[in-house]
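Structural characterization, general
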Amino acid sequence: MRGATALSHSCVAVLAFLTTVSLVKAEDAYRYYTWTVTYGTASPLGVPQQVILINGQFPGPRLDLVTNDNIILNVINKLDAPFLLTWNGIKQRKNSWQDGVLGTNCPIPPNTNFTYKFQTKDQIGTYSYFPSTLWHRAAGGFGGLNVYARSVIPVPYPKPAEDFTLLIGDWYKTSHKTLQQYLDLGKSLPIPDGILINGKTQSTFSGDQGKTYMFRVSNVGLSTSFNFRIQGHRLKLVEVEGSHVVQNMYDSLDVHVGQSLSALVTLDQPPKDYYIVASTRFTKAVLTAAAVLHYTSSHNPVSGPFPAAPADEISWSMNQARTLRWNLTANAARPNPQGSFHYGKITTTRTFVFANSAPLVNGKQRYTVNRVSYINADTPPKLADYFNIPGVFSTDSIQNSPSEGPAILATAVVPVSLHEFIEVVFQNNENTLQSWHLDGYDFWVVGYGSGQWTSASKKTYNLDDALTRHTAQVYPNSWTAILISLDNQGMWNMRSAIWERQYLGQQFYLRVFNPIRSLANEYDIPSNVLLCGKAVGRHP
């Protein structure tokens, strides 16, 4: 009997373990999608033009996901050119093979397909996706990507009555192929022709008086920041690029290229219609788009002037950026507080100062990082690194700090080691606002300042509750400092989010490396990997 009792207890224990495992696994769902990418005709600014459709939609389908979902997404390319999608802000843990940029992936040839396989590991927030190849981004192919918390993880605000996703960005009437020709000839692009909200110049968002709604706002444009505001209403900021923030109230918010945020809006005004406004910032000519916030009980159409954007753009915007603080008492995608990692007490291993510039190279407009203008190789550096193919990229072209001299062209890779903790300063000596993005990571934005960064600038850093995000703006003739914990092995793109600058060289790759190959550090090359350039014919 004792043996039977022990066996019974063992069976119960095993069943309990298996039940626990199944409950854990149950939330790590698999979601399957098939997206067909085609050309179509639309008139976003009233003029018919060729756009990129995904499953016939412009913008593309919205991805509503849950933390730790496994995504199996088959992209069928029906365009006349190679194509890739990149997932803006999704960390791709240990998996730069799925990053969807030309340094890590061969593009999908016309009339073929590629299946992305990735996980929204330990993320909650507002993100987006867009094409990374050629100048496709100017034709569409972008969409919203929202990651919601698992049921066992609370978020630090009541559930809103509804979510509204707003994809806002500048737009050209000129075809994307013509725009690309301008750049290939060494010319800068003219100012955009307008601003779109969800691919339109007129959109309506409806809600009930007294209820609170979530506005998920992403800047999916090519070049311009915008100020977002709603007539007669205040914005309670709750999340920025996957981080819960201290919930301050704002009359308006600056959103820079590549950035996303979420704000709660309570419909607490008399029932009528109100303007939702986005207008460009840091531009000589101000472009404005307006949508409508419609109270369901309203019988009065929208009226009155647009609410004005704040003046003193640079100082106002920089001061607002400094008010964005990490909510250290809120859970992250895991149940521990998101502020439990005391980043400000960690000694940095290295400091990099990356300065942008806009020189002419061989009579053509280029953009550089520390005098190096990136050129895409026919073999992705990630594949060249894996197969030990020499001569594809250089690891010594970009120096750790700016220096004098002529600009050069190179497929530039900056080598760093897994588990380093580095300081990166973006130095902007130009009169235009910059926006920088790092794939595969978020980072602490610890400081903004005017003029030249020096080591004394460290005294102004926020080392307590700086916000983590994946994109950071750098104001004209100013600097921005970030701290990065290099815990995600792979080849990761650090680039200008301003697409003309990225296309003409203001980017490079961080090679986060450990010489011991281990699945604990990085997933192996996928079985469906596309091979191109010098990697053709090689076997994973």
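A brief report on the enclosed structure follows. (Residues numbered from 1 in each chain as written. Predicted model: local features only at pLDDT ≥ 70, side-chain atom pairs only at ≥ 80, totals over all residues. Heavy atoms only, no water.)

It is worth spelling out the sheet that holds strand β27 (residues 413-417) at this point. Reading across the sheet, the five strands line up as β27-β35-β34-β29-β32 and stay open at both edges, with mixed pairing between neighbours. Each end of this open sheet is capped by a strand with a single partner; those strands are β27 and β32 (471-474). Taking the axes of each pair of neighbouring strands and ignoring which way they run, one obtains an average angle of 20 degrees across the sheet. (Pairing = 2+ DSSP bridges. Helix = DSSP H or I, 4+ residues; strand = E, 2+ residues; numbered from the N terminus. Axes fitted to C-alpha atoms, helices over the stretch in contact; angles between N-to-C directions.)

Let's shift gears to the sheet that holds strand β6 (residues 112-119). Sheet strands pair by backbone hydrogen bonding; their relative direction is either parallel or antiparallel. If you trace the four strands from one edge of the open sheet to the other, you get β2-β1-β4-β6, paired in mixed fashion. The outermost strands of the open sheet, each flanked by one partner alone, are β2 (49-54) and β6. Across this sheet, the average inter-strand angle for adjacent strands is 20 degrees, counted without regard to direction. Where strand β1 (residues 30-42) lies against β2, six bridges are found, and the strand directions are antiparallel.

Now for the environment of Leu293. Topologically, Leu293 is positioned in strand β20 (residues 288-295). On the basis of relative accessible area, Leu293 is assigned to the buried category, the value being 0%. Between the alpha carbons of Leu293 and Ile276 there is a distance of 6.3 Å; along the sequence they are 17 residues apart. Ignoring any residue separated from it by four or fewer positions in sequence, one finds Leu293 in contact with Phe205, Phe215, Ile230, His233, Leu267, Lys272, Asp273, Tyr274 and Ile276. (Buried < 20%, exposed > 50% of the residue type's maximum accessible area, 1.4 Å probe, protein only. Contact = heavy atoms within 4.5 Å.)

For the rest of this paragraph, the subject is the pairing of strand β3 (residues 63-66). Look at any regular strand and the pattern is simple: side chains alternate between the two faces of the sheet. Only one face of β3 is buried, namely the one carrying Leu63 and Leu65, since none of Asp64 and Val66 on the opposite face is buried. Strand direction decides the pairing type here: β3 and strand β8 (residues 143-148), joined by four bridges, are parallel. Bridge assignment links Asp64 to a residue of β8, and that residue is Asn146.

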